[in-house]
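# Breakdown of the fold
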Amino acid sequence: MRKIFQSPKGMHDILPKEQVWWQKIREVIDEAAQAYNFSRIDVPILEETALFERGIGQNTDVVEKEMFSLCTKGGDNLSLRPEATAGVCRAYLEHSMRQQRQPVKLYYFGPMFRYEQPQAGRLRQFWQYGLEAIGDLAPVLDAQVCQIFFSILNKLKIKKGINIQINSLGCRQCRPEYKKSLLAYLRVQQAGLCGQCKTRLRRNPLRVLDCKEEKCQRLAKGAPQIIDQLCVSCHNHFKNVLEFLDELKLPYILNTHLVRGLDYYTKTVFEFVPEGKQGSQAALGGGGRYDELVWMLGGKQTPAVGWAAGAERLIDYLKERKIDLGAISRPQVFLAQLGDLGKKKSLVLFEELEKNNLQVAESFSKDSIKAQMKIADQLGAPFALILGQKEALEDMIIIRDMTTGVQDMVKLEKVVDEIKKRLKKIRQ
Ligand code: HAM
């Protein structure tokens, strides 16, 4: 019998009916990243295997067990990228980006590959979107990159339900001391650890802290905590990051067992976890500081911070939360115009509304107000702005509440603030 082929285990097709979700999240990610001055970078899907060994760490599960590696006909040892941070840092060095204004802010969206046991939220080919700010140590950046994740959620109509789990892993100065006290504690308890953690004890003791086995979790609860042993610089950095998160009103939870699965992290580490769920398995994204990575790849000491998140997990989450794709795409305001002057002024106003992060729709090629109002209605915009010849001459504009039909005249220069005010009111 002829074999019927299927996609490789843990890899999937993105069918036409799914593409609307992908298109929407791509749009939102581009918009949010660019609003914070991150520029798009695409790095190769294959990189030298040694880049990941050196960058991510030879004793990590990702490098030890999960890489798709190959040897080319020319004898090069390459691997499908399991993540993009190492590749982006390689590109930072290769293209002398240190000569640019720091931090260099980059974002990406593309497929990654990990040879994992496929299960819900765990694939062998998955798509990550992520961003990296390379070349600056300021704690405000740790908070700002988190803010961008929440800006993406906000644009996708997710207002709550996701927390930042956050910890600090210290640095070259304080982590070795901490490791010693952790090891001393774990050695006494060794008999109670799972088989894998017994091996971890020798190779990567920090990972015992985030083991999924119940007995290890019980032991981890009594383990010394790294935040109690941070050096002054790491302590102050972490304190500052938390203060910025407070200022931004971002929801965070201190998780002293959060260690992350990649070895390059220093200081801040975090994961974006839906409420009521536990662990990296459930995380929509994760990241942190990696102040040593560029140096480990042969460059100068270069602090950096970033995160990456799984696109499939985000789409599953949106569907689980029954987020209506139509609602995500709904504009906040429709800009209607009439007459030559009205059209000209509308072009400028459109740009100003956009700059103020308002989602604006228009139909400038239509001339009748009735036709434009019909489109505004179909799109579900809560407000329409009408800029006719008379209003344009008087530097005024009409705001129409599309639900009640009530219209008010306001000064053109005040319209952005007025719309923001009204949008805020309907959100409450
Ligand atoms: P990571 O935690 O390994 O970090 O992956 C980030 C996110 O990618 C996860 O939270 C999850 O949403 C998604 N992900 C990871 N593995 C899979 C999988 N097998 N199937 C589906 N989704 C998955 C990193 O990759 C770091 N490079 C993040 C980073 C950037 N740190 C600093 N900058």
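To keep things clear, this report deals only with the structure shown in the data block. Just so we're clear, the structure is a prediction, and the values are computed from it rather than from any experiment.

As a further point, take the side chain of D142. With respect to the secondary-structure elements, D142 resides in helix 5 (residues 139-155). In terms of polar contacts, D142 uses its side chain to reach the side chain of T268, at 2.6 Å.

Taken together, the five strands give an open sheet; going across it, the order is 13-12-14-15-16, and neighbouring strands pair in mixed fashion. Sheet topology places strand 13 (360-362) and strand 16 (407-411) at the edges, where each strand pairs with a single neighbour. Neighbouring strand axes in the sheet, compared pairwise and without regard to direction, differ in orientation by 30° on average. Direction of pairing for strand 14 (residues 383-387) relative to strand 15 (residues 396-401): antiparallel, over a ladder of four bridges. Across the sheet, residue A384 finds its bridge partner in strand 15, namely R400. Here helix 13 (residues 339-355) sits on the sheet in contact with strand 12 (333-337), strand 13, strand 14 and strand 15, set at roughly 160° to strand 12. With respect to the sheet, helix 16 (residues 415-427) is in contact with strand 12, strand 14, strand 15 and strand 16, its orientation differing from that of strand 14 by roughly 160°.

As a further point, take helix 4 (residues 85-94). Of all 10 residues in helix 4, eight are buried; the element is thus mostly enclosed. Residues of helix 4 that are buried: T85, A86, G87, V88, C89, R90, A91 and Y92. In this fold, the buried residues of helix 4 make contact with strand 2 (46-48), helix 2 (49-56), strand 5 (104-113), strand 6 (125-134) and helix 10 (293-296). Count one or two residues on from helix 4 and you reach S96, which has phi positive near 45°.

Next up on the list: the sheet that holds strand 6. Judged by pairing direction, the sheet is mixed, and its eight strands sit side by side in the order 1-5-6-11-10-9-7-8 without closing on themselves. Bordering the open sheet on either side are strand 1 (39-40) and strand 8 (252-254), each of which pairs with just one other strand. Pairing of strand 10 (residues 285-289) with strand 11 (residues 304-310), which is carried by five bridges, proceeds in the antiparallel orientation. Within strand 11, the residue paired with G288 across the bridge is G306. The strands that helix 4 touches are strand 5 and strand 6; relative to strand 6, the one it contacts most, it runs at about 45°. Most of the contacts of helix 5 go to strand 11, to which it runs at about 25°, and overall it touches strand 5, strand 6, strand 7 (162-168), strand 9 (266-274), strand 10 and strand 11.

A few words on the packing of helix 5 against helix 9 (residues 232-248). Between helix 5 and helix 9, the least distance of the axes is 8 Å, while the angle of their chain directions is 40°. In terms of axis orientation, helix 5 runs oblique to helix 9. Helix 9 is crossed by helix 5, and the crossing has right-handed handedness. Across from P139, V140, D142, A143, C146 and Q147 in helix 5, the residues of helix 9 making contact are H237, N240, V241, F244, L245 and L248.

Taken together, 28 residues lie near the ligand, and E83, T85, E116, E132 and Y265 sit nearest. E83 places a side-chain nitrogen or oxygen 2.6 Å from a nitrogen atom of the ligand. When isolated, the ligand has an accessible area of 660 Å², and the protein chains bury 95% of it. Of all elements in the fold, only strand 6, strand 10 and strand 11 reach the threshold of two or more residues within the shell around the ligand. Here the element with the most residues in the shell around the ligand is strand 11; it accounts for five residues. Looking at the shell around the ligand residue by residue, the class counts come to 12 nonpolar, nine polar and seven charged.

About the cut-offs
Residues numbered from 1 in each chain as written. Predicted model: local features only at pLDDT ≥ 70, side-chain atom pairs only at ≥ 80, totals over all residues. Heavy atoms only, no water. Helix = DSSP H or I, 4+ residues; strand = E, 2+ residues; numbered from the N terminus. Polar contact = N/O pair within 3.5 Å; in protein donor to acceptor, adjacent residues only side chain to side chain. Pairing = 2+ DSSP bridges. Axes fitted to C-alpha atoms, helices over the stretch in contact; angles between N-to-C directions. Contact = heavy atoms within 4.5 Å. Buried < 20%, exposed > 50% of the residue type's maximum accessible area, 1.4 Å probe, protein only. Parallel < 35°, antiparallel > 145°, perpendicular 65-115°, else oblique. Left-handed = near helix turned anticlockwise from the far one by under 90°. Near = heavy atom within 4 Å. Areas by Shrake-Rupley, 256 points an atom, 1.4 Å probe, with all protein chains shown as cover. Nonpolar A, V, L, I, M, F, W, Y, C, P; charged D, E, K, R; others polar.

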